[in-house]
Amino acid sequence: MDIDNIAAKAAAKIDAVRDARVNAVKTAAASSVELQEVVQLLAAAEQKYAKDYQAALRADWTESDLRGFGLDAPARKAGGRPKGARTTRPSKPANDAAREKELIGTTSENW
């Protein structure tokens, strides 16, 4: 038994296992990058379809007409300006001076 030969075989076995593990990570990383690219392409295609679908509706086609052509309504709405929540503005008090005194808790007699 040669100690150097045994050590070399052990190192080769460890190197082979390490290389297999590194290659597995590299393959997974490449797939992850590919998946991210496809997800971005899909999102862009969905947004374009939603805009084109809305353009067809503005061109006086109905959703029923478009369904008849095999076009389903888009899963997501087309991007644009958000509608946002409508808020009402508080009305101004009739007498601002009286309101101010009420808030402070003083009257003109205390001055």
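Just so it is clear, the model here is predicted, and its values are computed rather than measured. (Residues numbered from 1 in each chain as written. Predicted model: local features only at pLDDT ≥ 70, side-chain atom pairs only at ≥ 80, totals over all residues. Heavy atoms only, no water.)

*Asks:* Summarise the overall build of the protein; cite the residues concerned and give the values.
*Replies:* Within the protein, the secondary structure is distributed over three helices and zero strands. Its helices and strands in sequence order give the protein the pattern α-α-α, from N to C terminus. Relative to its full complement of 111 residues, the protein shows a buried share of 5%. Counting only carbon and sulfur atoms, one obtains 56% of the accessible surface of the protein, whose full area is about 10,400 Å². (Helix = DSSP H or I, 4+ residues; strand = E, 2+ residues; numbered from the N terminus. Buried < 20%, exposed > 50% of the residue type's maximum accessible area, 1.4 Å probe, protein only. Areas by Shrake-Rupley, 256 points an atom, 1.4 Å probe, with all protein chains shown as cover.)

*Asks:* Before we move on, could you go through a nonpolar patch on the surface and cite the residues and values that matter?
*Replies:* Judged by side-chain polarity, Tyr49, Trp61, Phe69 and Leu71 come together as a nonpolar surface patch covering roughly 400 Å² of accessible area. Positionally, Tyr49 belongs in helix 1 (residues 3-58). (Patch = residues over 30% accessible without salt bridge, like charges linked within 9 Å, V, L, I, M, F, W, Y side chains within 5 Å. Salt bridge = Lys/Arg side-chain N within 4 Å of Asp/Glu carboxyl O.)

*Asks:* Give me the lowdown on the packing of aromatic side chains, citing residues and values where you can.
*Replies:* The tally for this structure, following the rule as stated, stands at two aromatic pairs. Between the aromatic rings of Tyr49 and Tyr53, the centroid separation amounts to 6.0 Å while the plane-to-plane angle is 55°, which identifies the pairing as tilted. You can see Tyr49 and its partner Tyr53 sitting in helix 1, four residues apart, about one turn around the helix. (Phe/Tyr/Trp six-rings, centres within 6.5 Å; stacked < 30°, edge-to-face > 60°.)

*Asks:* Please give an account of helix 1 that cites residues and values.
*Replies:* Here helix 1 contains 56 residues, and its C-alpha end-to-end distance of 82 Å stays within 8% of the 82 Å for a straight helix at 1.5 Å per residue. Every buried residue of helix 1 is accounted for by Ala50, Tyr53 and Ala56. In the stretch just after helix 1, Asp60 is the one whose phi turns positive, near 75°. (Expected span 1.5 Å × (residues − 1).)

*Asks:* Which residues make up the pattern of salt bridges, and what values go with them?
*Replies:* Under the definition given, this model contains three salt bridges. Between Lys48 and Asp52 there is a salt bridge; the shortest N-O distance is 2.8 Å. One end of the pair, Lys48, and the other, Asp52, are both in helix 1, four residues apart, so they sit about a helical turn from each other. Owing to a relative accessible area of 54%, Lys48 belongs among the exposed residues under this scheme. Here the residues in one salt-bridge network are Asp15, Arg18 and Asp19, joined through shared partners.

Geometry only, nothing functional implied.
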